[in-house]
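# Notes for the structure review
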Amino acid sequence: MGPLDRRLLREAPAIRRFLYGAFALAALSALLVIVWAELIGRIVARVFLGGADLASVSRLLAALVAIAALRAGLGWALETSGQATSRRVRGRLRRRALKQVFRARPAGLGDLRTGEVATTVTSGLGALDPYFSRFLPQLVLAAVVSPAILVWVAFRDPVSAAIMAITLPLIPLFAVLIGKAAEERTKRRLGALSLMSAHFLDVVRGLATLRAYRRGRAQVETIERTSEQFREETMGTLRVAFLSALVLELASTMSIALIAAVIGIRLVNGSVELGPSFAVLVLAPELYLPLRAVAAQFHASADGLAAARRALELIDLAPAVIVAPRPQSAPDPSTAAIRLEEIDFAYAGRAGPVFSGFDCAIQPGERLLVAGGSGVGKTTLISLLLRFSDPQRGRITVGGIDLRELDPDGWRRRIAWLPQDPRLPAATVAEVLRFAAPDASEEELWAALEAADCRALVAGLPARLDTRVGEGGRQLSSGERRRIALARALVRRSSLLLLDEPTAHLDAAGAAQIRLALGRLEQKQTVVIASHDTSLLPLAERTIRLKEVAR
Amino acid sequence: MSPALRRMLAEARPLRRRLALSILLGAGSIAAGVGLMATAGYLISKSALQPPILSLGVAIGLVQLFGVSRAALRYLERLVSHDAAFRFLGRLRVSFFERLEPLVPGGLGSARMGDLLGRFVGDVETMQFLFLRALAPPLVALVACVGAVLAAAIVLPVAAAVLGAGLAVTALFAAAITRRATRASARHEARLRAELTSRVVEALATGPELVAFSRVDWELDAIDGIDRDLGRLDRRHGRIAALGEALVFFGSGLTLVAVLAVATSAVVGGRLGGVWLGMLALLALSSFEAVRPLPLAAQQSGAVASAAERLFELTDRAAPVSEPENPLPIPATGVLRLEDARLRYTPDLPWVLDGASFELRPGRRVALVGESGAGKTTIAGVLVRFLELDGGRATLDGHDLGAYASDDVRGLVALAGQDAHLFSTTIRENVRFARPGSSDEEIAAALGRAGVWDWVSSLPEGLDTYVGETGDQVSGGQRRRIALARAFLSGARFLILDEPTAQLDRATAEAILDDLFAAGTDDAGLLVITHDELMLDRFDAVLRLENGRVV
Ligand SMILES: Nc1ncnc2c1ncn2[C@@H]1O[C@H](COP(=O)(O)OP(=O)(O)OP(=O)(O)O)[C@@H](O)[C@H]1O
Ligand SMILES: [Mg+2]
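As the structure is a computational prediction, the values presented were derived from the model and not from experiment. (Residues numbered from 1 in each chain as written. Chains lettered and ligands numbered in written order. Predicted model: local features only at pLDDT ≥ 70, side-chain atom pairs only at ≥ 80, totals over all residues. Heavy atoms only, no water.)

## A short note on the overall build of chain A
Basically, it comes down to this: Each helix is a run of DSSP H or I of at least 4 residues and each strand a run of E of at least 2, with the numbering of both proceeding from the N terminus. Three exposure classes are used, based on accessible area relative to the maximum for each residue type with a 1.4 Å probe and protein chains only: buried under 20%, partly exposed in between, and exposed over 50%. Whether two residues are in contact is decided by their heavy atoms: any pair within 4.5 Å suffices. The sign given to each residue is positive for Lys and Arg and negative for Asp and Glu; His and the chain ends receive no count. Throughout, a charge is located at the NZ atom of Lys, the CZ atom of Arg, the CG atom of Asp or the CD atom of Glu.
Across its full length, chain A holds 18 helices and eleven strands. Overall size of chain A, expressed as C-alpha extent along the three principal axes, is 110 × 55 × 50 Å. Of all 551 residues assigned to chain A, the portion counted as buried reaches 60%. Sequence-distant contacts, at least 24 apart, represent 79% of the contacts inside chain A between residues at least 6 apart. The positive charge centre, built from 70 side chains, and the negative charge centre, built from 52, are 3 Å apart in chain A.

Spelled out as structure tokens, the structure:
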């Protein structure tokens, strides 16, 4: 794993700008550190050997103060510009990754897991901070300041420079060490973290079920195990990181010790002077400082980098449906017929196809009931109409145009949908409804609630439309949730209404209400209802039984 | 120190040996670094006087020794402290989950799923900095600085005083500035961070709806909005942290100059041998290594404290049902009875149960009907001890349900909940946990009774089929039936089935009920919550829930 990722650079141009700035600051700081060391050497030599008094070195001391201030300022600038870059990069990566996840898995995450994706784009990318604000700046310093010091020392004291140069090959060695061991390890570590969060989320979501079967406590053990696994993976990464840091530390301290000893011996011989030698001794730790910092920051920043790579993988996910390069505008299904022509559709890893050579026409303005037993493909049909996926063979046309020629978003704008298992965002009733129709007026909201038989329900809530419902708010029963979701579908001005099991979880009276509401719908809408509920039959102008047609 | 932080430290007690060790190692490493530079400074100053080479032997040896031990001690310190920190996290996850578990369902109030994940991943992870950044660095700095000042005092007390003052003022000033500037916003930051995670988790969970209603960009904008707020805080905090570091750097420069000044006048005044000048300078410069992490420590202690607060805030909630001190032994069977039960979710909401009474005997088949939202699921919750009554009694075998251990009650009374939650694992594991250790045959039989075995056995991977996250790779009806199979497998004496046939076609539903009633050997008591009026005549009794009463 290189310290810099080409792909990342391309993805986020801000990084390049940051690097140019960092190099300029580093060059300045190299200059300052050399002057700083020379000043200290000169002061010590003058006072110690030259017998100078305080007044005669006071100008030098003042210069030292000024340089200290400048160096502190430089460090500040470097770090804060790194932080700014990190914020920019993480925001961009998060947005693009999430967007692509929705594009690639519109019908649900499938093989991805919520906990994993969520931790990657939040705390994972958050770990880019140490990478940009510490690791990279130190790396730049190591690339600029360390060689500059070496060159300067070579010019002042070739013997010390030679000692420094001997230890330098350790640095590529260190890079190799890091590169080899860390890539695999960090990946595994991130994997363990994702597993842990995905598992936790899964457990907490189903905790009520687990507790009903007395298996709540039993999860402690699994959590302990995944957590221990995570610790082991982490310590594995850390051992490598620390070991390479140890190598660098040793290289640095041993060469400082050696430089001191050799300078000492040559001073005794009288072959060098104290002032420059002392400066070299001050410079020696500065040569290694950025390298040591790189090693120390490596592990923290490797996390961020690994998360960034994972985000790039998400960005590279293939979209679920083809988007035509020049999409046509979507015909209106309330005036144009929808045809499913010779459709084949199968889910990967399942035995038979759900549809094979399936044909069906939905006339404009028609009420179609799609009936059939459980698992026969009613929901699948709806998700094909929503273009969550495309059939493997055959085509779906609207007004004669293949759905694949349309912009998926433009097509979906014509559709309203009641999912079989609606998931309402945690928000107020009004927000939940406006999710489907952002500019609906309050009257329209009430009308939709009325139509979905939940006017009384909402009118009875403490803040009516402004009551928070769902997670973190007023809990709704299954039937209530479905009715609100139905209202949400009805409030959307759509020309194709897709209803998946509209009467599930409702009693006879509730179902009758819904039937009534559906009966009152505007004539202009095409309505497709997927349901096993035979009492909906009279409502439909036409019924297709999937079992017979599909297989 | 905040009370939350103190409680967190108490949680860490078992690890205190490791912590003490890591602090000693850390201080030792810094001391060795100081020793290295000081001795080196002395060594070359002394050499400048051109003494016999042999007299330098001790100093040369010491330099090497300090060099090696600094690197080695630092390596050990890192290993020990990180290992301790991650062990602590493991414990914390377990204890967090152990306290969370009894709160579900019902006890979590306004906490959202994503928020829980945020706390579990984010806030717990933050706790690693409790030692690594908040606790250890100040203690290490204290030990190391006292050592450095004492060493300086041997050479020149006034220089030691200047150094001590420089270290103390720099450390306290830098730490105080960062702490003051970040304390107020640390909580806000922790909240925003969790909100970001929540929002992302929620967005992922409602993905299909976001896509279908063309709300992806809108949702991503909302996420970016949170990120922007967070970024603003991050920027402030980052700048302050960088400022703290710059202050330390500048402080070290000033202190060096001051030490040089007093030492110079001591040399001029004849109170100090000139050879010690360089040693003092380098000692002063290198002892600031201990102070460098302090601004970050001050900032992190705020973040750690607010993360701790958030964790405790969640787990300190009262459990919705209490466990008896000395639970009664659970009878093999008995009559399950509700007498005049009253319950409401919060005092400002109307009564859900308002004098409901009924009984369930082994072998009896009872149906419970009522409008959507009438409180049927609430009754189920009371009978499996998820909810505590506000008035009246729920008894088993004549004793209050609360007198038994709630897990014992759940062993006797199985609830197949309405939400039919599936875990992201195989079909087998999704059923088996209801009775761990069940054989595949038993699982197949249970799936058979739930009317879904034919389908499962037709799958290429059979029981090993992965069902997807929350079961989104199987159809709604299949999901429901897999969840139902758990209740059959559990072998409980009472089965409470919450809408077992919702979303199922007539034929399948009939088949399941046939099976339920036909099982002659089975004299389990059965309470079926249903909306389906057509199947009511099969039951021994039909209870209707109206206005919180059973009629
Ligand atoms: N994402 C998926 N991956 C794999 N298989 C799937 C997926 N979604 C559905 N299936 C399978 O495809 C078949 C058709 O499912 P679909 O959800 O369309 O049925 P349905 O008619 O809506 O049934 P129900 O009445 O139970 O809701 C089922 O066998 C189901 O297990
Ligand atoms: Mg379906």
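## Description of the overall build of chain B
Note the threshold: The size measure is the radius of gyration over C-alpha atoms, and the globule rule it meets is 2.2 Å times the number of residues to the 0.38 power.
Secondary structure assignment for chain B yields 17 helices and ten strands. Against the compact-globule benchmark of 24 Å for 551 residues, chain B has a radius of gyration of 34 Å, which places it well outside the compact range. Each principal axis of the C-alpha distribution contributes one length, and for chain B these read about 110 × 55 × 50 Å. The 551 residues of chain B split such that 60% are buried. Across chain B, the fraction of contacts at a sequence separation of at least 24, relative to all contacts at a separation of at least 6, is 80%.

## Examining the sheet that holds strand E2 (residues 353-360) of chain B
Residue and element names in this part refer to chain B. Heads up, the rule is: Only strands joined by at least two bridges in the DSSP assignment are considered to pair.
Read from one edge of the open sheet, four strands run E2-E1-E4-E5, paired in antiparallel fashion. Each of the sheet's edge strands pairs with one partner strand only, and the pair in question is E2 and strand E5 (399-400). Where strand E1 (residues 336-343) lies against E2, six bridges are found, and the strand directions are antiparallel. Residue pairing in the sheet places Arg342 in a bridge with Asp354 of E2.

## A few points about the confidence of the model for chain A
Quick reminder of the rule: The predictor attaches a confidence to each residue, called pLDDT, with possible values from 0 through 100.
Of the residues in chain A, 95% reach a pLDDT of 70 or more, and the chain-wide mean stands at 84. Looking over chain A, one finds the lowest element-wise mean pLDDT in helix H18 (residues 546-550) of chain A, namely 54, and the highest in strand E6 (residues 415-418) of chain A, namely 92.

## Concerning the nonpolar core
For clarity, the threshold we go by: In these notes, a set of buried Ala, Val, Leu, Ile, Met, Phe, Trp, Tyr and Cys residues joined through side-chain atoms within 4.5 Å is what counts as a nonpolar core.
Membership of the largest hydrophobic core comes to 371 residues, with the highest contact counts inside it found for Leu64, Leu93, Leu340 and Ile484 of chain A together with Met127 and Leu447 of chain B. Broken down by element, the residue count for this core peaks at 23 residues, all from helix H10 (residues 274-315) of chain A. If sequence neighbours within four positions are ignored, Leu447 of chain B has contacts with Ile427, Val431, Val452, Trp453, Val456, Leu463, Ile482 and Ala485 of chain B.

## Topic: the packing of helix H3 (residues 54-104) of chain A against helix H6 (residues 157-205) of chain B
Put simply, the rule reads: Angles shown run from 0 to 180 degrees and are taken between the N-to-C directions of axes, each axis being a line fitted to C-alpha atoms and, for helices, limited to the stretch in contact. Between 65 and 115 degrees an angle is taken as roughly perpendicular, under 35 as roughly parallel, over 145 as roughly antiparallel, and anywhere else as oblique. For any helix crossing, the convention is left-handed if the near helix is rotated counterclockwise from the far helix by under a right angle, and right-handed if that rotation is clockwise. The classification used treats Ala, Val, Leu, Ile, Met, Phe, Trp, Tyr, Cys and Pro as nonpolar, Asp, Glu, Lys and Arg as charged, and all other residues, Gly among them, as polar.
The geometry of H3 of chain A relative to H6 of chain B is characterised by a closest axis approach of 11 Å and an angle of 20° between their N-to-C directions. Judged by the inter-axis angle, H3 of chain A sits roughly parallel to H6 of chain B. H3 of chain A and H6 of chain B meet at a crossing whose hand is right-handed. On the side of H3 of chain A, the interface is formed by Arg94, Leu98, Val101 and Phe102 of chain A, while H6 of chain B contributes Leu196, Val200, Ala203 and Leu204 of chain B. For the contact of H3 of chain A with H6 of chain B, the per-class residue count stands at seven nonpolar, no polar and one charged.

## Overview of the site of ligand 1
Basically, it comes down to this: For this purpose, a residue is taken to be near a molecule or strand whenever a single non-hydrogen atom of the residue falls within 4 Å of it. Polar contact criterion, stated in full: a pair of N or O atoms within 3.5 Å, where within protein one must be able to donate a hydrogen and the other to accept it, and residues adjacent in sequence count only if both atoms are side-chain atoms. Throughout, the Shrake-Rupley method with a 1.4 Å probe supplies accessible areas, and for residues the shown protein chains are the sole cover considered.
Surveying the vicinity of ligand 1 reveals 21 residues, the closest of which are Thr379 and Thr380 of chain A together with Ser475, Gly477 and Gln478 of chain B. At the site occupied by ligand 1, the surrounding residues belong to chains A and B. Within the backbone of Val376 of chain A, a nitrogen or oxygen atom sits 3.2 Å from an oxygen atom of ligand 1. At 3.3 Å from an oxygen atom of ligand 1 is found a side-chain nitrogen or oxygen belonging to Trp455 of chain B. In the complex, 90% of the free accessible area of ligand 1, which totals 630 Å², lies under the protein chains. Classifying every residue of the shell around ligand 1 by side-chain character gives five nonpolar, twelve polar and four charged.

## A word on the coordination of the magnesium ion (ligand 2)
All names here are of chain A. Selection criterion: With water omitted from the atoms examined, metal sites may look incomplete; donors here are N, O and S atoms no farther than 2.8 Å from the metal, or 3.2 Å in the case of Na, K and Ca.
Coordination of the magnesium ion (ligand 2) by the protein is provided by Thr379 (OG1) and Gln420 (OE1), with metal-donor distances spanning 1.9 to 2.3 Å. One end of the pair, Thr379, is in helix H11 (residues 378-385); the other, Gln420, is in the loop between E6 and strand E7 (427-428), and 41 residues separate them in sequence. Given a relative accessible area of 34%, Thr379 falls into the partly exposed group.

## Here we look at a nonpolar patch on the surface
Basically, it comes down to this: Like charges within 9 Å and nonpolar side chains (Val, Leu, Ile, Met, Phe, Trp, Tyr) within 5 Å are joined into patches, using only residues over 30% in relative accessible area that form no salt bridge. What makes a salt bridge here is a side-chain nitrogen of Lys or Arg within 4 Å of a carboxyl oxygen of Asp or Glu, nothing more.
Side chains of Leu142, Val143, Val146 and Leu150 of chain B sit close together on the surface and give an oily, nonpolar patch of about 370 Å² of accessible area. Tracing the backbone shows Val146 of chain B in helix H5 (residues 129-155).

## Some thoughts on the pattern of salt bridges
Counted under the stated rule, the structure contains 63 salt bridges over all chains. The partner of Arg187 of chain B in a salt bridge is Glu309 of chain B, and the shortest N-O contact between them spans 3.0 Å. Here the residue Arg187 of chain B occupies a position in helix H6, and Glu309 of chain B occupies one in helix H10 (residues 294-315), the gap between them amounting to 122 residues. Exposure remark for Glu309 of chain B: the relative accessible area of 27% places this residue in the partly exposed category. Members of the salt-bridge network, linked through shared partners, are Arg90 and Arg94 of chain A together with Glu189, Arg193, Asp227 and Asp234 of chain B.

## Notes on the sheet that holds strand E10 (residues 526-530) of chain A
Sheets are built from strands paired through backbone hydrogen bonds, the pairs being either parallel or antiparallel. Residues and elements named next belong to chain A. Strand order in the open sheet formed by five strands is E6-E9-E10-E3-E11, and the pairing between neighbours is parallel. Bordering the open sheet on either side are E6 and strand E11 (542-545), each of which pairs with just one other strand. With direction set aside, neighbouring strand axes in the sheet form an average angle of 15°. Across the sheet, H11 lies against strand E3 (367-371), E6, strand E9 (496-500) and E10, angled at about 150° from E9, the strand it touches most.

## Quick look at the pairing of E3 of chain A
Residue and element names in this part refer to chain A. Among the five residues of E3, five are classified as buried, and the element is accordingly described as predominantly covered. Where burial is concerned, the two faces of E3 agree: the one with Arg367, Leu369 and Ala371 and the one with Leu368 and Val370 are both buried. In this structure, E3 lies alongside E10, joined through four bridges in parallel fashion. Within E10, the position partnered with Leu368 by the bridge is Val528.

## Considering the interface of chain B and chain A
Stated formally: Here the buried area means the combined drop in accessible surface, using a 1.4 Å probe, for two parts upon being joined, counting both sides.
With 154 residues of chain B at the contact, the number on the chain A side is 151 residues. Between chain B and chain A, a total of about 13,700 Å² is buried, with carbon and sulfur atoms accounting for 66% of that surface. Summed over the shared surface of chain B and chain A, the number is 15 salt bridges. Taken together, chain B and chain A are joined by 29 residue pairs in polar contact (both at pLDDT 80 or more). If you tally residues by element for the side of chain B that touches chain A, the top one is helix H8 (residues 216-268) of chain B, at 28 residues. Among the residues forming the side of chain B that touches chain A, the class breakdown is 79 nonpolar, 38 polar and 37 charged.

## Quick notes on the domain arrangement of chain A
Condition: An automatic or database domain assignment is the source of the domain bounds shown.
Taken as a whole, chain A is organised into domain 1 (6-315) and domain 2 (338-545). The centre of domain 1 of chain A, based on its C-alpha atoms, is set 53 Å off from the matching centre of domain 2 of chain A.

## Some remarks on the layout of surface pockets
All names here are of chain B. Applied cut-off: The rule is simple: put a 1 Å grid over the protein atoms alone, call a set of points where a 1.4 Å probe fits but cannot get out a cavity, call an open set with protein on both sides within 12 Å along at least five of seven lines a pocket, and count a residue as lining if it has an atom within 4 Å of a point. Grid points are joined across faces, edges and corners, and a volume is the space filled by probe spheres set on the points.
When its volume is computed, the second largest pocket comes out at roughly 780 Å³. Of all elements in the fold, only helix H1 (3-11), H5, H6 and H10 reach the threshold of two or more residues within the lining of the second largest pocket. For the lining of the second largest pocket, the element with the highest residue contribution is H6, accounting for twelve residues. Class assignment of the residues belonging to the lining of the second largest pocket gives a composition of 25 nonpolar, five polar and four charged.

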